[in-house]
Amino acid sequence: MISEAFPKRILGSGTAAMTVSAIGFGAMGTTYHRGAAPEKKSLLSLFARAVELGCTFFDTAAVYGPFTNELLVGEALEPFRNHVQIATKFGHCIHADGSHQSGELDSSPAAIRRSCEASLKRLRSETIDLFYQHRFDPKVPIEEVAGVVADLIREGKVQHFGLCEVSPEIICRAHAVCPLTAVQNEYHLMWRIPEDTLFPTLNKLGIGLVPYSPLNRGMLGGEITHNTKFAAKNDNRAALPRFLEPNLSGNLKLVDVLERFGRPRGLTASQTALAWLLAKAPSIVPIPGTTKQTHLEENLAAAQRSLNSLEVSELEAAAAEVPILGDRYPTLEKSQVWAA
């Protein structure tokens, strides 16, 4: 039985509008960048439970694996395909042997079409609900990229167009060719830069925002401590400055803020962080990820809770007292943001 009562939101506007669950599911961490993956049976059950609870919006990408994440999502959601929307991404250069080096990009028209066809097969789908350019490729004019996606939309292979981690200028140029439904960007209480850099443009053009890592890769969920060890293999947090000591211990003070604020309101730290995001704008749809059913249920329950403007101000004032230590990514990666 699939819940029909789960809150919905609209990404985009006009012909680009897309109705989705108010909180989506970021699938990346089920197989990629978060350590050893659980057995497939438990992950298939996790996706089924998300759909049962009313989550209809699932996010993956070709580069996650590569390919293994799309394959999992395709298998898990095939029984529910008529009830859910799947977002995936193109633009990374993935070699024939499946290898990929950070910073290698390819958004040439031929590559976009190859990526679309391959993703459709892996996702066991006839159409991609939301097709993001994963990272801006400076070698290919964004107008050319948007034109190819517009063609794919006309052909029915793609339903909506999105961009990830781009500037307002690129957003405007792409949107003029093919209306954008959403921009995906890191955004949470530890990274509020998009409020100044992106919000004005997104609001003006009627484009939705999909915050990835809305719990900052689990840090804001309350279970990571200064003793937490991240696997050197397949867990990028082991190299992210904010997760390294002494930065980690200082940053975890923000979790204390979330817990103090949320506890009297019946909210956990993660629910407080997600409720804050939902309160920032009606066109925001966060996509937290997890491999645990308890966390899935906890995260999705945040869609049923709302914060008023006074509560938002109170939380932001308390959070502002905690200095954020360390950059989002290692210094060498700043020019090319990691694939989430």
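Presented here is an overview of the structure given in this document.

The rules behind these values
Residues numbered from 1 in each chain as written. Predicted model: local features only at pLDDT ≥ 70, side-chain atom pairs only at ≥ 80, totals over all residues. Heavy atoms only, no water. Helix = DSSP H or I, 4+ residues; strand = E, 2+ residues; numbered from the N terminus. Rg over C-alpha atoms; globule rule 2.2 N^0.38 Å. Buried < 20%, exposed > 50% of the residue type's maximum accessible area, 1.4 Å probe, protein only. Contact = heavy atoms within 4.5 Å. Areas by Shrake-Rupley, 256 points an atom, 1.4 Å probe, with all protein chains shown as cover. Pairing = 2+ DSSP bridges. Axes fitted to C-alpha atoms, helices over the stretch in contact; angles between N-to-C directions. Core = buried A, V, L, I, M, F, W, Y, C linked by side-chain atoms within 4.5 Å. Polar contact = N/O pair within 3.5 Å; in protein donor to acceptor, adjacent residues only side chain to side chain. Salt bridge = Lys/Arg side-chain N within 4 Å of Asp/Glu carboxyl O. Phe/Tyr/Trp six-rings, centres within 6.5 Å; stacked < 30°, edge-to-face > 60°. Lys NZ or Arg CZ within 6 Å of the ring centre and 35° of its normal.

Once that is clear, we can look at the overall build of the protein. Along its length, the protein carries 12 helices and nine strands. For 340 residues, the compact-globule estimate of 2.2 N^0.38 gives 20 Å, and the C-alpha radius of gyration of the protein, at 19 Å, lies within 12% of that figure. Considering only C-alpha atoms, the protein reaches an extent of 50 × 45 × 45 Å along its principal axes. Going through the 340 residues of the protein one by one, you find that 56% of them count as buried. If you take every contact in the protein between residues at least 6 apart in sequence, the share linking residues at least 24 apart comes to 76%. Roughly 14,100 Å² of accessible area belongs to the protein as shown, and the carbon and sulfur atoms make up 54% of that amount.

Overall, parallel pairing links the seven strands, which are arranged E3-E4-E5-E6-E7-E8-E9 in an open sheet. Among the strands making up the open sheet, the edge pair consists of strand E3 (25-26) and strand E9 (208-212). Two elements, strand E4 (residues 57-59) and strand E5 (residues 85-90), share three bridges in a ladder whose sense is parallel. Within the sheet, the bridge partner assigned to Asp-59 lies in E5 and is Ala-87. Helix H3 (residues 109-122) contacts E5 and strand E6 (130-133) of the sheet and is inclined by roughly 145° relative to E5.

Turning to the nonpolar core, a few remarks are in order. Among the nonpolar cores identified, the biggest contains 99 residues, and Phe-47, Phe-57, Phe-58, Leu-77 and Phe-161 are the most heavily contacted of them. Judged by nonpolar contacts, the second largest core, of five residues, contains Met-28, Tyr-32, Val-63 and Tyr-64.

So, about the side chain of Gln-184. Locating Gln-184 in the fold gives a position in strand E8 (residues 180-186). A relative accessible area of 2% places Gln-184 in the buried class. In this structure the side chain of Gln-184 is engaged in a polar contact, spanning 3.0 Å, whose partner is the side chain of Asp-59. For Gln-184, the contacting residues outside a window of four places in its chain are Asp-59, Lys-89, Tyr-132, Leu-163, Cys-164, Glu-165, Val-210, Tyr-212 and Ile-287.

Attention shifts here to the pattern of salt bridges. All chains considered together, the criterion is met by 24 salt bridges. Across the pair Arg-192 and Glu-195 runs a salt bridge, and its minimum N-O distance is 2.8 Å. By relative accessible area, which is 19% here, Glu-195 ends up buried. Glu-311 is the salt-bridge partner of Arg-265, the closest N and O atoms lying 2.8 Å from each other. Of this pair, Arg-265 sits in the loop between helix H9 (253-262) and helix H10 (269-280) while Glu-311 sits in helix H12 (residues 309-319); the two residues are 46 residues apart in sequence, bridging distant segments of the chain. Overall, the relative accessible area of 22% leaves Arg-265 in the partly exposed class. We classify Glu-311 as buried; its relative accessible area is 17%. Three or more residues joined by partner-sharing salt bridges are found here, namely Arg-113, Glu-117, Glu-155 and Lys-157.

The buried count for E9 comes to five of five residues, which makes it a mostly enclosed element. Side-chain alternation along E9 places Gly-208, Val-210 and Tyr-212 on one buried face and Leu-209 and Pro-211 on a second face that is also buried.

Time to look at unusual backbone geometry. Backbone phi values are negative for most residues with the exception of glycine, while trans is the configuration of most peptide bonds. At the junction of Gly-65 and Pro-66, the peptide bond is cis and its omega measures out at 0° in the coordinates. Structurally, Pro-66 is set in the loop between E4 and helix H2 (68-77). A positive phi is found at Glu-165, a non-glycine position, where the angle reads about 50°. Here Glu-165 shows up in the loop between strand E7 (161-164) and helix H5 (168-177).

Bringing the packing of aromatic side chains into the picture now. The final tally for this structure, using the stated rule, is eight aromatic pairs. Ring centres of Phe-25 and Phe-58 lie 6.0 Å apart, and the angle between their planes is 45°; this geometry places the pair in the tilted category. In this pair, Phe-25 sits in strand E3 while Phe-58 sits in strand E4, placing the two residues 33 residues apart along the sequence. Here Phe-25 falls in the buried class, since its relative accessible area comes to 2%. The class of Phe-58 is buried, set by a relative accessible area of 0%. Among the aromatic residues, those joined into a cluster by ring pairs are Phe-25, Phe-47 and Phe-58. Sitting over the ring of Phe-261, Arg-265 keeps its end group 3.8 Å from the ring centre. If you follow Arg-328 out to its NZ or CZ, it ends over the ring of Trp-191, 4.3 Å from the centre.

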